Structures are given as C-alpha cells and as structure tokens.
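Breakdown of the fold
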Amino acid sequence: MRARINTSQPHTARIWNYWLGGKDNYEVDRAAGDQIRQLHPGIGEYARADRRFLGAAVRHLVDKSGIRQFLDVGTGLPTADNTHEVAQALAPESRVVYVDNDPLVLAHARALLTSTPQGSTTYLDADLRDVDTILEHAAQTLDLSRPVALVLLGVVIFIEDEAEARGVVRRIMDALPSGSHLVLSHTITSPAMPDVDAAVAFWNEHGTPKLTQRTPGQVGEFFDGLELIGPGVVSCNRWHPDIADETVEEVAMFGGVAVKR
C-alpha cells in the first residue's frame, strides 16, 4: 500500500484535505494547493461547500426520506461530519459502505470504520468503474432490496468520457430499488468563472488524477430518469431541500439530490 502512495506528485484527495484544514497531506500537496488558490482564490470554498452539501443531503434523506443505507463512492480522506457520522447521529441503525481507490484513504479507513452498535460501516478499495465489485461488496452490508442513497461527491469528474461517466452512474442506480436516491456533485465550467478553468488546467498539468469539468447542464444529465429534489442542480453552497439559498455567492461545484421512482 505504501508503494502506491506517490509523495512526489500532488494528489487531489490530499489537496482537498489541505483545503479543509486536515493534516493528511504532504508539502507537494500544500504547494500545489496554494498555487491553485492563487489562480482562483475562492477554490478552497468548494471543498467546504461540498461538505456542507453532503451534510444537508444526508440529514434530509435520513430525516425526511427515511433512508438508512448509504453507498458512498469516492469517499476521500476522512474529515469531520463523514456520511456515517451524520446519518447515525440521526438514525443509529444506519448502514454505510465507503468505496475509494486512493491508497492514502485506505490507510486512514480505520477512521471511517467506527459505527454505532445498531448500525454498520465498511470500506472497499475499488474504482468507481468497478460496478460489479462495488455492488457485490455492498450487498454484504446493505440490503439492496431496500432503498439506498448512492453518494458520488466530486468523483465522476475523474471519468473523462461522457457516455462512460453517465453509464457508470446509471448501472449502479439501475441495480438499486425504487425509493433509492442519487447524491452527486461535480466541478463545473462556466463563462462566468474563467479562473476556475485556469485552476483546473494547472491541476491537470501538474497533479493526479486528471479532472474533467462539465457544464451545469451536463451535470444535470446524470439525474436523467430520476426525480430531482428541492432546487435541482445548483451551487453546492446554495443547495437546500426546499429552495436554493441565493443569498450566497455561487461556487463552481454544483450538486443535486434525486429519487428513483
């Protein structure tokens, strides 16, 4: 596992951790994170907005939709208010399966494997594209005949091909029953935010893995066939289950929550 951790090249999960104030990063990650922040000073807010979106979505799904099962793919490094912590604080019996293929995340997976006695959390070392493996492993902890929330925060950006990206999301959702939900966030590209494009271009030149931006409309296509909740696909820091909070400035991280009928 240590051999898989490349400390000579910045990595997106570690930079994300740095922006969130974590300590699971290296000097190369902090240097790249600072350079990206120079290109786009507000980019650190994306990480915080994404975490707030996760918390708001999970609380809504547990409290209002009765969801007790979560499949969180692209978990990222553990930080405050992880999926199981938010869900089990409201419903201790909640069960969570985390999936990530980052060796550093795997090294810190023990922080994710805490659970209430009534619930359960497990971790799988796999890529989002490994749909069959993910579903097989998830079925050991989750009851896939009952509704599941599929959580994909900032992970579909690593699949460049449009058809492949949408196909992976669709395959997992197709395997889940009615009443299941999709929670997804994605970095966008917009003429109103040219500095974001510059920051992503810098990252793709120097960091790993490479990122793919999509327009808000393209992000919305991941929810095709599902019923969007609340304001639809909006800036993550504006998302609320009832109405978007347009009093805060948009960030280039958009997200949405939808239910499978």
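These figures come from a predicted structure and were not determined experimentally. (Residues numbered from 1 in each chain as written. Predicted model: local features only at pLDDT ≥ 70, side-chain atom pairs only at ≥ 80, totals over all residues. Heavy atoms only, no water.)

Let us look at the pattern of salt bridges. A full pass over the atoms with the stated rule returns 13 salt bridges. Asp34 is the salt-bridge partner of Arg37, the closest N and O atoms lying 3.1 Å from each other. Of this pair, Arg37 and Asp34 both sit in helix H2 (residues 27-39), 3 residues apart, roughly one helical turn. Relative accessible area serves as the criterion here: at 28%, Arg37 is assigned to the partly exposed category. Judged by its relative accessible area of 33%, Asp34 falls in the partly exposed class. A salt bridge links Lys64 to Asp63, with the nearest nitrogen and oxygen atoms 3.9 Å apart. (Salt bridge = Lys/Arg side-chain N within 4 Å of Asp/Glu carboxyl O. Helix = DSSP H or I, 4+ residues; strand = E, 2+ residues; numbered from the N terminus. Buried < 20%, exposed > 50% of the residue type's maximum accessible area, 1.4 Å probe, protein only.)

Across the 5 residues that make up strand E1 (residues 69-73), a large majority, 5, are buried. Burial of E1 is two-sided: the residues Gln69, Leu71 and Val73 facing one way and the residues Phe70 and Asp72 facing the other way are all buried. Looking at chain direction, E1 and strand E2 (residues 95-100) are connected through 5 bridges and run parallel. Along E2, the bridge assignment pairs Val73 with Val99. Once the chain exits E1 it traverses helix H4 (residues 83-90) before rejoining the sheet at E2, and the crossover so formed is right-handed. Bridge analysis of E1 against strand E4 (residues 149-153) gives 3 bridges, and the strand direction is parallel. The partner of Leu71 across the bridge, within E4, is Leu150. (Pairing = 2+ DSSP bridges. Right-handed = clockwise from strand over helix to strand, strands pointing away.)

What follows deals with the packing of aromatic side chains. In the structure shown here, the tally under the stated rule is 1 aromatic pair. Judged by centre distance (5.6 Å) and plane angle (80°), the rings of Phe53 and Trp239 are edge-to-face. On the criterion of sequence distance, the pair formed by Phe53 in helix H3 (residues 44-63) and Trp239 in the loop between strand E7 (234-235) and strand E8 (253-259) is long-range, its members being 186 residues apart. For the pair shown, Phe53 and Trp239 are each scored as buried. (Phe/Tyr/Trp six-rings, centres within 6.5 Å; stacked < 30°, edge-to-face > 60°.)

Here we come to helix H8 (residues 194-206). At 3.6 residues per turn, the α-helix brings residues three or four places apart onto the same side. The end-to-end C-alpha distance of H8, which contains 13 residues, comes to 19 Å, matching closely the 18 Å that a straight helix rising 1.5 Å per residue would cover. Within H8, burial applies to Val196, Ala199, Val200, Phe202 and Trp203. Around the axis of H8, the buried residues are gathered within 155° of arc, so they sit on the same side. In H8, the exposed residues that point more than 90 degrees away from the buried face are Pro194 and Glu205. (Expected span 1.5 Å × (residues − 1). Arc of directions from axis to C-beta.)

Ranked by size, the top nonpolar core spans 83 residues in total, and within it Phe70, Leu71 and Leu152 carry the most contacts. Considering each element in turn, this core owes the most residues, 10 residues, to H3. Not counting residues up to four positions away in its chain, the partners in contact with Phe70 are Val58, Leu61, Val62, Thr83, Ala87, Arg95, Val96, Val97, Leu142, Val148, Ala149 and Val151. (Core = buried A, V, L, I, M, F, W, Y, C linked by side-chain atoms within 4.5 Å. Contact = heavy atoms within 4.5 Å.)

To describe two helices that pack against each other, one gives the angle between their axes and the distance between the axes. Running from N to C, helix H1 (residues 12-19) and H2 cross one another at 70°; their axes reach a closest spacing of 9 Å. One finds that H1 runs roughly perpendicular with respect to H2. Contact with H1, carried on its side by Arg14, Ile15, Tyr18 and Trp19, involves Val28, Asp29, Arg30, Ala32, Gly33, Asp34, Ile36 and Arg37 of H2 and no other residues of that element. Among the residues making up the contact of H1 with H2, the classes are represented as 6 nonpolar, 1 polar and 5 charged. (Axes fitted to C-alpha atoms, helices over the stretch in contact; angles between N-to-C directions. Parallel < 35°, antiparallel > 145°, perpendicular 65-115°, else oblique. Nonpolar A, V, L, I, M, F, W, Y, C, P; charged D, E, K, R; others polar.)

Positionally, Asp102 belongs in the loop between E2 and helix H5 (103-107). Buried within the structure, Asp102 lacks any salt-bridge partner; its nearest side chain of opposite charge belongs to Arg14, at an N-O separation of 5.8 Å. In this structure, Asp102 is in contact with His11, Ala13 and Tyr123, ignoring residues within four places of it in sequence. (Lys, Arg positive; Asp, Glu negative; His and termini not counted.)

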